[in-house]
Amino acid sequence: MKRVLGLILIFLFVVLAAKSCLKADIPEKCSCIYLQDNNESVEYPAPSKNVTINGIDYIQTQAPIGNFGGELIISTIGEGPKTFNPCNTKDATSSSMAGLMYDGLLSTEPRTGDVIPQLAKSFEINGNEYTIHLRKGIKWSDGKPITADDVMYTYNDIVFKGLGNPSTMDAMMIDGKLPELEKIDDFTVKFIVTKPFAPFLRQLSYPIVPKHYFKPYSDKGTSAFNTFLNPNTKPETIVTNGAFRLKEYVAAQRVVFVKNPNYYKINLQNQKLPYLDKLVYLIVGDTNNEILKFEAKETDILSLKGDNVARYKQKEKFSDYSVYNLGADTGTLFIVINLNNRKDKDGKYYVNPIKQTWFSNRSFRSALDWAIDRKGIVQNIAFGVAEPLFTAESLNSIYLNKSIKGHKMDKQMALMRLKEGGFKLNNGNLYDNKGNRVEFDIYTNAGNLEREAIGVMVKQDLEDLGMKVNFKPVEFNSLVNKLTNTHDWDMAIMGLTGSPLEPHDGKNVWTSSGSLHMFNMRPAGYKIDDRLSWEKELDDIFNEASLKLNYSERKPLYDRYQEIVYNEKPLIYLYSPIRITAIRKKFKNIFPTPLSGLLYNLEEIYIGK
Amino acid sequence: MEFAKYILKRCLQTIPLLIIVSIISFFIIRLAPIDPLAELRLNPSISQETLNKEIKRLNLDKPIYIQYFSWAKSFIKGDLGYTSAGEKVSTKLKERIPNTLLLTVIVIFMTWIVGIPLGIFAAIKKGTVFDRILTVISSIGMAIPSFFFAILMLMFAVKTGWFPVGGLTSYNYNEMSFIGKLIDLSRHLCLPVIVLFTISLSGLQRQMRANMLEVLDSDYIKFARAKGLSEAKVIYKHALRNAINPMITLLGFEFAGLLSGAALTEYVFQYPGLGRLILEAVMKSDINLVMASLMMGTIMLILGNLIADILLMITDPRVRKTSAEVQ
């Protein structure tokens, strides 16, 4: 009797457990909903103005007036900041947090991407001279005035000496020479460069740091400077000029910022910004935890990926958040083809010579391009939250060549190209003109589910052409090793992040001597000129465009570079993910832009009543 | 005197052990095809000079045995070196150790306070309904993987909103009153403690029950009963003393698990402890951090065993005698 009762109890328990799992969470209907571009409906405020009140040069934002107070809670994935020293940041989290605390002379207009003054009141370019006028009367968070001495110190003692992260020094170096810096008066400085160099101007967004606070540490040399402002620094001692200052850092838990009372931005009623009292970053380990925290209302903002987008979009109407479509991001996914025709130290070819003839055949590369079903990949792998990509510049780049329209998948076209290239189909298998079966490997980094799924779909598409494709996900580090050192690979599915503002940042990929010139990597210090004709043209374009200062002069050059890449297809671009972000509706003054995202105007954001 | 000699001997024995452990782990980590600089290499805006500087800083340009010796040299001096991000390993560990200790000490304390009496009870009442229910519960506790249980608990927290989703303190912790802080801490600790408690309780309870049953079955207990001793005296004076010995060895292992035992649960709950730090370090092949934590784990294990042995020598005359003979 007892046993029967026990059995019934267990059965009931199992049934109940099963029932609770059955609860429909995601509707079974179409999960790929149409994402409307809700940015169209956003009414952007007029650009900020310079306003002088009592001899102090403020920036006046033209955004609607809001309420003061409240806090915004954001999650950040990873281990949190490594340093608060804006000159020494090497990872995204640290630099975005240091960016809150320190402003640079110039900044970027969030919609157009133009260079606009920030800590500077205005700037003039006269040939090779860049004159910067500083704001008068603005102060560091400890009340000391911000003057030309701080600018002189930041550039002469930190940037030009390569202290901290030397990438700005590298970027400012023109033909191995650093610019000269002259102090005209307490509020004017002048940079003099040796020759026109377009990427130079944007480098002036480098954060300006307080001389009276930094100098004792920078004088002690590199190692002292590298540990200066580490996360365990006492927050109240840090002197800043940004909209927020550090309040508290708790390892692996959170970073709390409070508003800087001396900030130089004001609203239409001449009240000092920012509106928010506090900005909290919760440090979380992975995406799942980030989602849970948002669901539990512990955080206010969440960037959505893949299948989550449909779910959140459907729940949006009944919830307290809005979902914003920020457009394609700067990330690009592509298949890269190894065009390397060199031999290694032992006289062995990096790439099998038979394969070399295929890969160097433009018709072959073009056939691959026609055969790949980008739309299918976007629908199935990115859940429709991506945009097919055909250009080397990302879709939100201000230099995007809009005349490259791309094409649909067309198997007939692909077969035609293969025929042109001398390949033959026999019993559904593809052979080259010497009778070799077309077979090659595609690598990607294992563990990246997105790329692994792309690999499977691409393999399918290419096998439809009669090729034999071995898809090999390998560990990320060994893939990088293959690409940059051993060169023994055929094709790889990879991704890179570009800059939407400055195509010249991609020079390591596109110029023939670049350290990331993956598709035809030359060893360091390689002397022989074996550039392909279009590689040579790319070299010339990158060199020439960097010397031109006007957007209108540079644009045609960079258009040409995208055209070359599109025609030659050393990289076959697949798609760019679209950024979708949910933020609680109570936050106002949200003006998302494809170029700058959602939170670029933190000082203007307020909590509505 | 005997005692001090024994401890000294044991300490000396640990030195070769530590060397072997460090060599094996160092080489396994370094020979794994993980390049700590892979991310930097794929960053288009990083120049070759910057890369070379990083390689120099991390000593990656030297052969592996030289890397090991330079690590060992500074380890002996007490310098744990820097992480690959340039922070001091010792400060990183110091930030996390108190958090992990807080969690594990609570859990161990609770498990032992509850688990030992439950085990004794289950053994005495063997075969009753109480014993059977305990068996079912502890079987569930032993069968359920900790990370899965932790995820279930997290879902529970999200759906009900009764508990915070992971972490150790709320973002406004520092502005709370003392009582508020205490409540906040216990709310955060509640779920991870439940997970770890349930899992380790089951094992401990079963172990205690088995020991106790074995002892209760022995001749001297029968003799004690036959002698007419009261049941309480039989159990608490004769049976329990003999049944507790294996538990002391277990306590030594628990000591070793103080710093590393909760890694998975910590990770799921985003608990700011050592486990999460080390897991992230292993993924990035952050050699100094991983080595420091491995060495710490080894030392804790050896120490735990030593403590258990000493405790055993105190409680059990048989062990005292044999270890003296061995010497």
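About the cut-offs
Residues numbered from 1 in each chain as written. Chains lettered and ligands numbered in written order. Predicted model: local features only at pLDDT ≥ 70, side-chain atom pairs only at ≥ 80, totals over all residues. Helix = DSSP H or I, 4+ residues; strand = E, 2+ residues; numbered from the N terminus. Rg over C-alpha atoms; globule rule 2.2 N^0.38 Å. Buried ≥ 20, exposed ≤ 12 C-beta atoms within 10 Å, placed from the backbone. Contact = placed C-beta atoms within 7 Å. pLDDT = per-residue confidence, 0-100. Pairing = 2+ DSSP bridges. Domains from an automatic or database assignment. Nonpolar A, V, L, I, M, F, W, Y, C, P; charged D, E, K, R; others polar. Axes fitted to C-alpha atoms, helices over the stretch in contact; angles between N-to-C directions. Parallel < 35°, antiparallel > 145°, perpendicular 65-115°, else oblique. Left-handed = near helix turned anticlockwise from the far one by under 90°.

Asker: Describe in detail the overall build of chain A, supporting the description with residues and values.
Answerer: Along chain A, the regular secondary structure elements total 18 helices and 25 strands. In terms of C-alpha radius of gyration, chain A reaches 27 Å, essentially the compact-globule figure of 25 Å for 609 residues. By principal-axis analysis of the C-alpha atoms, chain A measures approximately 90 × 85 × 45 Å. Scored against the burial criterion, the 609 residues of chain A give a buried share of 42%. For chain A, the share of sequence-separated contacts (at least 6 apart) that also reach a separation of at least 24 residues comes to 69%.

Asker: Residue-level account of the overall build of chain B, with values.
Answerer: A tally of helices and strands in chain B yields 15 helices and 0 strands. With the C-alpha coordinates aligned to their principal axes, the bounding extent of chain B is approximately 85 × 60 × 40 Å. Here chain B, with 327 residues, has 30% of them falling under the buried criterion. Here the analysis covers contacts within chain B between residues at least 6 apart in sequence; of these, 72% occur between residues at least 24 apart.

Asker: Describe the confidence of the model for chain B, and please don't skip the residues or the numbers.
Answerer: Residues and elements named next belong to chain B. Residues of chain B with pLDDT of at least 70 account for 94%, and the chain-wide mean is 83. When mean pLDDT is compared element by element in chain B, helix α8 (residues 178–216) scores highest at 90, while helix α15 (residues 317–326) scores lowest at 61. Here the predicted complex scores 0.83 on pTM and 0.79 on ipTM.

Asker: Describe the sheet that holds strand β1 (residues 49–53) of chain A, and please don't skip the residues or the numbers.
Answerer: Whenever strands of a sheet pair, they do so through backbone hydrogen bonds, lying parallel or antiparallel. Residue and element names in this part refer to chain A. Here 3 strands make up an open sheet; going across it, the order is β1-β2-β12 and the pairing mixed. Each end of this open sheet is capped by a strand with a single partner; those strands are β1 and β12 (265–266). Examined bridge by bridge, strand β2 (residues 56–60) and β12 share 2 bridges and lie parallel to one another. Note on β12: the bridge partner recorded for Gln60 is Ile266.

Asker: An account of helix α13 (residues 274–283) of chain B is needed here, citing residue identities and associated values.
Answerer: Owing to its 3.6 residues per turn, the α-helix brings residues three or four apart onto one side. All names here are of chain B. Three or more residues of α13 are buried, namely Leu274, Gly275, Arg276, Leu277, Ile278 and Ala281. In this structure, the buried residues of α13 make contact with α5 (89–124), α12 (263–268) and α14 (287–315). Immediately beyond the C-terminal end of α13, within one or two residues, lies Ser285, with a positive phi of roughly 55°.

Asker: I'd like to hear about the domain arrangement of chain A, residue by residue, with values.
Answerer: Residue and element names in this part refer to chain A. Domain annotation for chain A reports domain 1 (2–82 + 251–328 + 580–607) and domain 2 (332–577). The gap between the C-alpha centroids of domain 1 and domain 2 is 36 Å. Between domain 1 and domain 2, the residue contacts involve 11 residues of the former and 11 residues of the latter. At the level of secondary structure, the elements contributing two or more residues to the side of domain 1 that touches domain 2 comprise α9 (307–315) and β15 (321–328). With 3 residues, the single largest contributor to the side of domain 1 that touches domain 2 is α9. Taken together, the residues of the side of domain 1 that touches domain 2 break down into 7 nonpolar, 3 polar and 1 charged.

Asker: Break down the interface of chain B and chain A for me, citing the residues and quoting the values.
Answerer: The interface of chain B with chain A comprises 36 residues on the first partner and 41 residues on the second. Secondary-structure elements contributing two or more residues to the side of chain B that touches chain A are α2 (38–41), α3 (48–57), α5, α7 (146–160) and α13 of chain B.

Asker: I'd love a proper account of the packing of α5 of chain B against α14 of chain B, names of residues and values included.
Answerer: Residues and elements named next belong to chain B. Here α5 crosses α14 at 55°, and the two axes come no closer than 10 Å. The orientation of α5 relative to α14 falls into the category oblique. For the pair α5 and α14, the crossing hand works out as right-handed. Of the residues in α14, those in contact with Val89, Lys92 and Leu93 of α5 are Asn288, Leu289 and Ala292. Considered class by class, the residues forming the contact of α5 with α14 number 4 nonpolar, 1 polar and 1 charged.

Asker: Can you tell me about the confidence of the model for chain A, naming the residues and giving the values?
Answerer: Here chain A averages 88 in pLDDT, while 96% of its residues score no lower than 70. Of the regions scoring below 50 in pLDDT, residues 23–36 of chain A engages in 13 contacts with residues more than four places distant in sequence or in other chains.

Asker: Could you give an account of the packing of helix α3 (residues 148–159) of chain A against helix α6 (residues 211–218) of chain A, naming the residues involved and the relevant values?
Answerer: Residues and elements named next belong to chain A. Put simply, α3 and α6 touch, their axes get as near as 10 Å, and they point 20° apart. One finds that α3 runs roughly parallel with respect to α6. Crossing angle aside, the handedness with which α3 passes α6 is left-handed. Across the interface between the two elements, Asp149, Asp150, Tyr153, Asp157 and Ile158 of α3 pack against Lys211, Lys215 and Ser218 of α6.

Asker: How would you sum up the pairing of strand β11 (residues 254–259) of chain A? Please name residues and give values.
Answerer: All names here are of chain A. The buried fraction of β11 amounts to 5 of the 6 residues, a majority that puts the element mostly inside the structure. Sheet topology note: the strand β10 (residues 244–250)/β11 ladder contains 6 bridges and is antiparallel. Bridge pairing in β11 links Phe244 to Lys259. Adjacent in sequence and paired antiparallel, β10 and β11 are bridged by 3 residues, among which Ala252 carries a positive phi angle near 60°. Sheet topology places β11 next to strand β13 (residues 278–284); 5 bridges connect them, and they run antiparallel.

Asker: So, unusual backbone geometry: which residues are in play, and what are the values?
Answerer: All names here are of chain A. Geometrically, the link from Leu273 to Pro274 is a cis peptide bond, its omega value of 0° lying close to zero. Backbone geometry places Ala252, a non-glycine residue, at a positive phi of 60°. Examined against the element boundaries, Ala252 turns out to sit in the loop between β10 and β11. Residue Lys569 is not a glycine yet carries a positive backbone phi of 55°.

Asker: Lay out the environment of Tyr566 of chain A in plain terms, naming residues and giving numbers.
Answerer: Residues and elements named next belong to chain A. One can find Tyr566 in helix α18 (residues 551–568). Accessibility expressed as a C-beta count within 10 Å gives 19 for Tyr566, which makes it partly exposed. Sequence-wise, Tyr566 and Ile541 are 25 residues apart; in three dimensions their C-alpha atoms are separated by 15 Å. In contact with Tyr566, not counting residues within four places along its chain, are Phe390, Thr391 and Ile404.

Asker: Please provide a residue-by-residue account of the environment of Asn436 of chain A, values included.
Answerer: Residue and element names in this part refer to chain A. In this fold, Asn436 is placed in the loop between β19 (429–431) and β20 (439–445). Residue classification places Asn436 among the partly exposed residues on the basis of 15 C-beta atoms within 10 Å. Spatially, the C-alpha atom of Asn436 lies 9.5 Å from that of Phe423, the residues being 13 residues apart in sequence. Sequence-distant contacts of Asn436, defined by excluding residues within four places in its chain, comprise Ile354 and Tyr431.

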